[in-house]
Amino acid sequence: MPAAMLPYACVLVLLGAHSAEAAGTAGRGRLHWEPPCQQPLASRAPVTALLPPRLEGPWISTGCEVRPGPEFLTRSYAFFPSRLFRAHQFYYRDPLCREPAHSLVIKGKVRLRRASWVTRGATEADYHLHKVGIVFHSRHALLDIAGRLNQTRAGRDCARQLPPARAWVPGALYELLSARAERDCTAALGFTMHELSLVRMQRHLQLQPRAGPRLVEELYLGDIHTDRAERRHYRPTGYQRPLQSALHHAHPCPACSLIARSDEHHPPVLPAPAALPLHLGGQWVSPGCEVRPAVLFLTRRFTFHGHSRSWEGYYHHFSDPACRQPTFTVYAAGRYTRGTPSAKVLGGTELVFQVTEARVTPMDQVTTAMLNFSEPSSCGGPGAWSLGTERDVTATNGCVPLGIRLPHVEYELFKMERDPLGQSLLFIGQRPTDGSSPDTPEKRPTSYQAPLVLCAAAARGLPSAGCCPRVALLPFALLVLVLQRL
């Protein structure tokens, strides 16, 4: 969806109706919601952040992850009281994580430092790698890694340490990095563990229809730069898809036990999900507060009109990682093309989006003052901005102070899935880390943002479940008390 606006907008879907009410009102401004989307997913509220985070224990992916490239992987990390860690990264040839290619086993030490001065709610950390080993699960994977190593002079020396494809031995471990031997071949592969330099841990209670609440712990690690060439130098300011505690994860989770029991010699093969073709229609919202690189906190709400291939979206921005202090809202609308299957990212669908209309609502005094000090011709035309009042910025071709430009075209990547609870999920392409826009086919995303959940169906064939499953809710104060004592 429009990158020129995605870094600048949000929706109220965290910490229940209590925080929705608190964040939804600023002066005279109130966010307008249709009833099915007024509340968040009940299973997501409330959320408590642990500062400093408690890393000890096993952490796992809850499904197949997609990194820019694309790279398809699952992760299993274990942190010990001695501050040592052992991480497994399992890479695959397919987007369902059913065809293992190679596995990395990473050992080292991590030390939490201080609360981040850049990303509110995060903790900065230092890490040191002791060993990195690789196991190839096919000759094709060995040839692929050797080919990547042979692209540089330093890599060619590393490639010589690998066996020829005809001598591949299943299960053999080859060393890529050894601190003791002062050997490092990871740089030639563009591999880092910089994700460990930014950490956030959250807890929430998963409310279930016919059972008591279940504790869920999530570990957010630093984001991966969308440009492979920049990964060695990039220090994260956003997050990846979170890991969950292997002991306290959401249920049901068909992949969790498989990943938790795996190692570099026995990579997990995930169960095949039910096919869900892309069928845009209905209303989709963020299930929680989202964090983008460059310290942007937001939520999103989109409505797609499949019969006319038109769309509209609200991007709500906040100044805090709980999305409770709104700063401004952007409404955008336009049209999109018929999708075609992606040849680069299997399972994805490529579309082209046009943004032809935009409106802005300042939600705090700082944003209101900034807009009033800007040139009228750059955002909204003559007239004063006031707190909570929406203004159309289409006539001024967008809003320069907020980075909005019109008309605007983006080359997008979409996919749809259904989670184990049967909830439909919509994945939209990940925004470039450098803040630019995917306004050419070459810059089309190869990975995805956090998924949106379906609120209401507006197209035939889509399930018509509302945002909020019907479950017995515990009192808000009681939920917070339970989380604080855990």
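Residues numbered from 1 in each chain as written. Predicted model: local features only at pLDDT ≥ 70, side-chain atom pairs only at ≥ 80, totals over all residues. Heavy atoms only, no water.

**Focus: the nonpolar core**
What counts here: Among buried residues, the Ala, Val, Leu, Ile, Met, Phe, Trp, Tyr and Cys ones that are joined through side-chain atoms within 4.5 Å form a nonpolar core. Partly exposed residues are those whose accessible area sits between 20% and 50% of the maximum for their type, while under 20% is buried and over 50% is exposed, using a 1.4 Å probe and protein chains only. Elements are defined by DSSP. Helices are runs of H or I of four residues or more, strands are runs of E of two residues or more, and each kind is numbered from the N terminus. Every residue pair with non-hydrogen atoms within 4.5 Å of one another is taken to be in contact.
In this structure, F79, F85, I106, L129, F136, M193 and L219 are the most contacted members of the largest nonpolar core, which totals 40 residues. Among the elements that line this core, the one with the most residues is strand β9 (residues 123-136), at five residues. Setting aside residues up to four positions removed in sequence, F85 forms contacts with A78, F79, F80, I106, K107, G108, K109, V110, H128, L129, M193 and L196. Counting 29 residues, the second largest nonpolar core, distinct from the first, contains A358, V360, C399 and F414.

**Examining the state of the cysteines**
In a disulfide, the sulfur atoms of two cysteines are covalently bonded to one another. Heads up, the rule is: Cysteine sulfur atoms that pair up within 2.5 Å are treated as a disulfide.
Applying the stated criterion across every chain, the model contains five disulfides. Between the sulfur atoms of C158 and its disulfide partner C185 the distance amounts to 2.1 Å. Its S-S torsion of about -90° marks the bond between C158 and C185 as left-handed, since a negative value means left-handed. In this pair, C158 sits in helix α3 (residues 153-159) while C185 sits in the loop between β11 (183-184) and α4 (186-189), placing the two residues 27 residues apart along the sequence. With respect to class, C158 is no different from C185; both count as buried. Residue pairing for C253: its cysteine sulfur links by disulfide to C256, the two sulfurs lying 1.9 Å apart.

**Quick notes on unusual backbone geometry**
Each neighbour pair has its own omega, and for G69 with P70 the value is 5°, a cis peptide bond. In this fold, P70 is placed in the loop between β5 (65-67) and β6 (71-79). Between L406 and the following residue, P407, the backbone shows a cis peptide bond with an omega angle of -15°. Positionally, P407 belongs in the loop between β24 (404-405) and β25 (408-418). The residue R83 is not glycine, and still its phi comes out positive at about 75°. Looking at the element boundaries, R83 is found in the loop between β6 and β7 (84-92).

**Regarding the layout of surface pockets**
By rolling a water-sized probe across the atoms, one finds the places where empty space is left. Here is the rule: Both site types are read off a 1 Å grid over the protein atoms alone. A 1.4 Å probe that fits but cannot get out defines a cavity, while an open set with protein on both sides within 12 Å along at least five of seven lines defines a pocket; lining residues have an atom within 4 Å of a point. Grid points are joined across faces, edges and corners, and a volume is the space filled by probe spheres set on the points.
The calculated volume of the second largest pocket comes to roughly 780 Å³. Elements that contribute at least two residues to the lining of the second largest pocket include exactly β6, β7, β8 (100-115), α2 (139-149) and α4. Tallying contributions element by element places α2 first for the lining of the second largest pocket, with five residues.

**Quick notes on the pairing of strand β17 (residues 296-305)**
Using the following cut-off: Only strands that DSSP links by at least two bridges are regarded as paired with each other.
Judged by how many residues are buried, β17 sits mostly within the fold: nine of ten residues are covered. Pairing of strand β15 (residues 282-285) with β17, which is carried by four bridges, proceeds in the antiparallel orientation. Note that in β17 the partner of Q283 across the bridge is T303. Of the pairings in the sheet, the one linking strand β16 (residues 290-292) to β17 comprises three bridges and is antiparallel in character. Bridging across to β17, R292 finds its partner in L296. Hairpin connection between β16 and β17: a loop of three residues separates the two successive antiparallel strands, and A294 in this loop has a positive phi of roughly 75°.

**With respect to the side chain of Q283**
Heads up, the condition is: Counted as a polar contact is a pair of N or O atoms within 3.5 Å, where, for protein atoms, one must be capable of donating a hydrogen and the other of accepting one, and residues adjacent in sequence contribute only when both atoms are in side chains.
Turning to its location among the elements, Q283 is positioned in strand β15. Here T303 takes part through its side chain, which lies 3.3 Å from a polar atom of the side chain of Q283.

**So, helix α6 (residues 365-373)**
Keep this limit in mind: In this context, the arc is that of the directions from the helix axis out to the C-beta atoms.
Among all positions in α6, only T367, T368 and L371 are buried. Down the axis of α6, the sector holding all buried residues measures 100°, keeping them to one side. What points out from α6, more than 90 degrees from its buried face, is the exposed set Q365, V366 and F373. Considering only its buried residues, α6 is in contact with β19 (326-336), β21 (349-362) and β23 (398-399).

**Some remarks on the packing of aromatic side chains**
We apply this condition: Ring pairs are drawn from Phe, Tyr and Trp, using the six-membered ring of Trp, whenever the two centres fall within 6.5 Å, and their geometry is named by plane angle: stacked under 30 degrees, edge-to-face over 60, tilted for the rest. Either the NZ atom of lysine or the CZ atom of arginine qualifies as a charge over a ring when it sits within 6 Å of the ring centre and within 35 degrees of the ring normal.
The final tally for this structure, using the stated rule, is 13 aromatic pairs. Ring plane angle 75° and centroid distance 5.4 Å describe the contact between F302 and Y315, whose orientation is recorded as edge-to-face. Taken together, the residues F302 in strand β17 and Y315 in strand β18 (residues 310-318) connect sequence positions 13 residues apart. Here the two residues F302 and Y315 agree in accessibility, since each one is buried. Arranged with centres 6.1 Å apart and planes meeting at 80°, the rings of F304 and Y336 form a pair that is edge-to-face. Separated by 32 residues along the polypeptide, F304 in strand β17 and Y336 in strand β19 bring together distant segments of the chain. Residue classification places F304 among the buried positions, given a relative accessible area of 0%. A relative accessible area of 8% means that Y336 is categorised as buried. Members of the aromatic cluster, connected to one another through ring pairs, are F302, F304, W311, Y315, Y336, F353 and F414. Directly above the ring of Y331 sits R359, whose terminal nitrogen or CZ lies 4.0 Å from the centroid. Here the guanidinium or amino end of K415 rests over the ring plane of F427, the centre of that ring lying 4.9 Å away.

**Some words on the environment of T329**
By the element assignment, T329 lies in strand β19. By relative accessible area, which is 5% here, T329 ends up buried. Here the alpha-carbon distance between T329 and R300, two residues 29 residues apart in the chain, equals 9.9 Å. Only 2.8 Å separates the side chain of T329 from the side chain of H316, close enough to count as a polar contact.

**Section: the confidence of the model for the protein chain**
Low pLDDT means the predicted coordinates in that region are not meant to be read closely. Stated precisely, the cut-off is as follows: As a per-residue quantity, pLDDT reports the predictor's confidence and falls between 0 and 100.
Across the protein chain, the average pLDDT comes to 85, with 84% of residues at or above 70. Considering only residues more than four positions removed or in separate chains, one finds that residues 3-36, a stretch of pLDDT under 50, has 120 contacts. pLDDT under 50 marks residues 38-44. Its contacts with residues more than four places away, or in other chains, come to 28 contacts.

**A word on the pattern of salt bridges**
Worth spelling out the cut-off: When a carboxyl oxygen of Asp or Glu is within 4 Å of a side-chain nitrogen of Lys or Arg, the pair counts as a salt bridge.
Summed over all chains, the structure comprises 21 salt bridges. The partner of R228 in a salt bridge is E71, with the nearest N and O atoms 3.2 Å apart. Separated by 157 residues along the polypeptide, R228 in the loop between β13 (211-221) and β14 (243-245) and E71 in strand β6 bring together distant segments of the chain. Owing to a relative accessible area of 12%, E71 belongs among the buried residues under this scheme. Here E290 makes a salt bridge to R300, at a shortest N to O gap of 3.1 Å. With E290 in strand β16 and R300 in strand β17, this residue pair connects regions lying ten residues apart in the sequence.

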